[in-house]
Amino acid sequence: MKFQTKAPETIDFENEGLMVGLEFHQQLYAPYNEQHSRPLEREHGSKLFCPCPAMIREDDHDFTVERELRAVSGETGEIDIAAHFEKTKKQKIFYQGNFDTTCLVELDEEPIFPINPTALFRAIAIARKLFNLEIFDEILVCRKTIIDGSNTSGFQRTAQIAYGGAESYILVNDKKIGIYQANIEEDSAKNVGKDEKGRYFRLDRLGIPLIEIATHPDMRTPQEVYDTALRIGTLLRTTGFVKRGLGTIRQDINVSVKRGTRIEIKGVQNLDILPTYVKNEAIRQLRMIEFLDILKERGLTKRSVNSIKPVDVTKIFANCKAKFIAKALKQKKKVIGARLPKLNGLLVYELQPNYRVGTELSEIAKVTSSAGGILHSDELPKFGITQEEKDEVSKTLNLKDNDGFMLVVGSEEVGYNSINNIRNTFKIWLDSEPIPYEVRSPRPDGTTGFLRPLPGQARMYPETDSPPIEISSDYLAQIDEIHFEMPEERLERYIKKLKLPEDIAKQLYNHPDNTLFEEIISNFKIKPTLVATTILQDIVDLRRKGMDVSKITDALLKTIFQLISEEKLTSASIVPILQSVCESNETMTPQQAVEKFSIKPIPKEEIESVVEEIISQNIQLVKEKRMGAMGLIMGRTMAKFGGKADGKVVSGIVRQKLSQY
Amino acid sequence: MTTTLKNEFGNYASEIVEFFLKQGIAVGDFLVVETKNAIVKGHLLPQTEMGNPNAIVLKQKNGYNVGITYSTDIKITKTGESFQLEKFPAAKLDQQKNLPNISLLATGGTIASRIDYFTGGVYMASKPEEVFASLPELFDEVEFKTITPLFQMASEDIGYKQWQHIAEEVAKEFEEGTQGIVIMHGTDMMGYTSAALSFMVQNLPAPVAMTGGQRSSDRGSFDGALNLISAARVAANANFSHIAVVMHESTHDNNCLISPGTRVRKMHTSRRDAFKTIGDIPYGRISELGEITLLRDDLRPRQPKAEPVLNTKYDPKVALIKIYPGSDPDILQWYIDKGTKGIIIEGTGLGHTPTFPPEDEQNRSWLEPIKRAIEQEVFIGMTSQCIYGRTHPFVYRALRANYRAGVTYLEDMLAETALVKLGWVLGNTQNMNEIKEKMTRNLVGEITTRTNYGGYM
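Keep in mind the model is a prediction, meaning the values are calculated, not measured. (Residues numbered from 1 in each chain as written. Chains lettered and ligands numbered in written order. Predicted model: local features only at pLDDT ≥ 70, side-chain atom pairs only at ≥ 80, totals over all residues. Heavy atoms only, no water.)

Topic: the domain arrangement of chain B
Note on interface size: it is often stated as the accessible area lost on association of the parts.
Residue and element names in this part refer to chain B.
Then, in step 1: What the domain assignment lists for chain B is domain 1 (14-82), domain 2 (101-310) and domain 3 (318-440).
Then, in step 2: On the side of domain 3, 11 residues touch domain 2, which itself brings 16 residues to the contact.
Then, in step 3: Across the interface of domain 2 and domain 3, roughly 1,300 Å² is buried in total on both sides, 69% from carbon and sulfur atoms.
Then, in step 4: It is Tyr-192, Phe-199 and Arg-265 that lose the most area in domain 2 upon contact with domain 3, and together they represent 45% of the buried surface on that side.
Then, in step 5: Applying the counting rule to domain 2 against domain 3 returns 2 salt bridges.
Then, in step 6: In this structure, Arg-265 engages Glu-416 in a salt bridge whose closest nitrogen and oxygen atoms are separated by 2.9 Å.
Then, in step 7: In this assembly, domain 2 and domain 3 are joined by 3 residue pairs in polar contact (both at pLDDT 80 or more).
Then, in step 8: Only helix H3 (190-200), strand E15 (264-266) and strand E16 (275-277) provide two or more residues apiece to the side of domain 2 that touches domain 3.
Then, in step 9: The biggest single contributor to the side of domain 2 that touches domain 3 is H3, with 5 residues. (Domains from an automatic or database assignment. Contact = heavy atoms within 4.5 Å. Buried area = accessible area lost by both parts, 1.4 Å probe. Salt bridge = Lys/Arg side-chain N within 4 Å of Asp/Glu carboxyl O. Polar contact = N/O pair within 3.5 Å; in protein donor to acceptor, adjacent residues only side chain to side chain. Helix = DSSP H or I, 4+ residues; strand = E, 2+ residues; numbered from the N terminus.)

See below:
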């Protein structure tokens, strides 16, 4: 069978029957108790099952808790395969928390509080009013077993609040995209790394309320997926009920092509790459089918897969020139190898653009066995490993014609586990018709890597610490009183009422910072255009100059516009302040930053003396033109102050001086 | 803590139950429910005690449970597909030979509970083996000579009759040659049971390790796993012969603390490390790898030839009273009238009761009521609600007055342990001098002879 090593850049989506559904997760902003909440809870909202502030922290943690999770038996009395799979990783988990934003609930040390009433109300309002979903009369919180460490309890609390009917859809480019479900659930703890001791998670994100909106697989092209996600995000933002900023939105994408199967890509945060993931996954499914066909044609059988066994080949590398191997051997690590039957030349077969079978095996070794990665025969000799060493490994592992091999550098345990898990992967591949169900994780380059097998059904059971929640008709009547401004209404208001230029209004109404704009113009008496251009142009310009605009916080922008509205600051200061903040390495409060970087009014006397000086330098011209020299004198004066003088003050002085001639 | 289904449908309104019966619908049947605008499908679940009796609860194929209010407007049909209530196969016990032989006694509690994944109810495991499903590694280290489910009780329901039963089983297992005993117990009252066993079975040949769980066994974060493994290792390998409680030392899943049975107390409603050794040094610590470090040099080593001394006599006519501002001393007479023979007072500070209130509030003084109680041959023992520290009869005038009235100051015995000890002493003697002598003498570690600096917090 002939094959191309390189994957195609694109495919015919219509012909291949691409179908995509989205599960859109958005963090909710919801103080647990709207009347009596602490300032941090008011600012960030609360968690779903305790009042702790839903605040993502950048600072250091105060404490670390060490835990272990065990696979538990599921409904059938058997250990769920995905859960068991996590367990084979067998590692300690370290949770990092802060005293003022983490309580015993996140630490799995006390039962939950009743569900955050604000979050529930807001989620139901969104489901009912934006997506026309039917709300259940009784909502039951469930535990979804997850033992990858991202939940201290070993499960995620989640409740389905609504279900779709014939009228539950949104319009995207005039096409109906059906919505079939809305859930409210806890966000997970953020994985912040691993080392030989275990995996590390931060507790600040754990428990933040999320609303999940699930669409039918109605999207047919990558662009349509992008447009749908953008539309859902815009709809959610107009409510003012959701949190903003990087990491507050995550999407799971379900992708299938006619000849393939349903694959879930979990946790895509960046909307811009969304279409690339869809495209690459469609390609991967087709390439995987071809790859497995080649393997079968070459005669790979379960028996030959069973012969994939770890062999210690450390000796061969005793005098290896490759630095990473020499270093590892010094630390008493090993080089463990295995023969990969029939894989010669196929390890560089691309499953996605720039993503080879070797990359996939490497990803599998990483997630299943905490290996740093693998080396394989198709890429050697390279990295300082010689042809002689490669030949020696081939000899030791008894390679025949079509065989390849892989190497893992690491502890003996990591090496053996990696190879055993890769053997299991090949078994699953051979068993799957046409390709295995799995969950994949997005990589920054638009490809996806192996994450875990798709969980079975036996992973949900009732949360006994939460009573059933009855949704009464009075409650729904309260929700029906809410009016959400639809994005189109908002655009019209921007143009007609706020008098924003049309191009700016069109950019702004579905911009991620739209709610910040709304907040500023409703709180402060300020020209909307000024706020809009700051958000849409000034900050973008700074970013294009390569500045770290993440340092421009909402609080800073609010402070600036408040001071301008109180006439304590001029708009000329906006850009200099923002630019200086981006460049500065100091940590400052917004007040300190404004104080330090704003343009100080230049004393009138100083301006007067400069104007006089410039007039005397151009005395001939002034005498000739009198007021006609206004532009020139004005321009030179401003240039002299490097633009930092207040133009109004300068022009007043220039006019007054010129009138004397 | 545990629920049982009174009937198949649970808490549904009678109108709904009638409808189900008429349609031949049973719990577990897959139903299609058509509401005005949409369709929901799922297996019928029983309604729980806290749920809305008028909402039909379904478990959908996606795993979510949801409720829809029943009305005649909605159309319900069954498809014929059904869901069997789960049956938990007990873990196969692959016991290896030539490992230390220990015994397991199960009494119930969170550690022996499991969730019914279908209904969400928490049930006591019918067989203790079910708990082992998540701890297969246990069988590489110990062999269970016997696994005995004594009862399936939440610990708040356990009383002296159960203590007697457990004590008899402990003595029996040792007589039959076990090398250590693990007792699974609910955590709320575990400290009382460990104290009771300490008095009821003495002269042990090997350790008895009591343990429990603060999280249920259905979750990945089940703390009872480490507790149970550690307790089994203590029973099999630790070189002492006392009743001990083995539970998490801290919030980390690494070490467990081995606390003396008479000086251990549940100090937190929910944390893993709720159990603390009070006012004394723990027997030892056991790491997650099973390394046991004994922290004291006064422990009685294993004595394989020792024959346990069983004495389960117990008089339940004892009471524990807490002093608080405004506490009414008439409660003493109320107890005495009910036949109570001994009362432990959890006094304030060094062992106070309100004694010298202002002239016009003399009815608040406990002094005269205490005197009257003692005249009626009722034992009054004094402990402190400070929990940590020793009582003292002489430091203040009020203490001396109580002491002269005949109150017995019980050194640094925990109030709960004092109550249990008093019932056991009264079960063995009615002689007041003997009672006082036994109550003030350390028998099984319940009273320390010197207050250890390291024994606080």
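A closer look at the pattern of salt bridges
Then, in step 1: Within this structure, the stated rule accounts for 75 salt bridges over all chains.
Then, in step 2: For Arg128(A), the salt bridge goes to Asp480(A), with nearest N and O atoms at 2.9 Å. Here Asp480(A) lies in helix H11 (residues 473-480) and Arg128(A) lies in helix H3 (residues 117-130), a separation of 352 residues in the sequence.
Then, in step 3: Take Arg128(A): its relative accessible area is 25%, and that puts it in the partly exposed class.
Then, in step 4: Its relative accessible area of 37% is what places Asp480(A) among the partly exposed residues.
Then, in step 5: Among the salt bridges present, the one from Glu361(B) reaches Arg364(B), with a minimum N-O distance of 2.7 Å.
Then, in step 6: For Glu361(B), a relative accessible area of 29% gives the class partly exposed. (Buried < 20%, exposed > 50% of the residue type's maximum accessible area, 1.4 Å probe, protein only.)

Structural notes on the packing of aromatic side chains
Residue and element names in this part refer to chain A.
Then, in step 1: Evaluated as defined, the whole model comprises 26 aromatic pairs over all chains.
Then, in step 2: Ring plane angle 65° and centroid distance 5.6 Å describe the contact between Phe-3 and Tyr-349, whose orientation is recorded as edge-to-face. With a gap of 346 residues between them, Phe-3 in the segment before strand E1 (19-27) and Tyr-349 in the loop between strand E16 (334-340) and strand E17 (350-352) connect regions that are remote in the sequence.
Then, in step 3: What makes Phe-3 partly exposed here is its relative accessible area of 26%.
Then, in step 4: Taking 6.0 Å as the distance between ring centres and 35° as the angle between the ring planes, the aromatic pair formed by Tyr-95 and Phe-201 counts as tilted. Of this pair, Tyr-95 sits in strand E3 (residues 92-97) while Phe-201 sits in strand E11 (residues 198-202), and the two are 106 residues apart along the sequence. Judged on exposure class, the residue Tyr-95 and its partner Phe-201 are both buried.
Then, in step 5: Aromatic ring contacts, followed pair by pair, group Phe-3, Phe-291, Tyr-349, Phe-426 and Trp-429 into a single cluster. (Phe/Tyr/Trp six-rings, centres within 6.5 Å; stacked < 30°, edge-to-face > 60°.)

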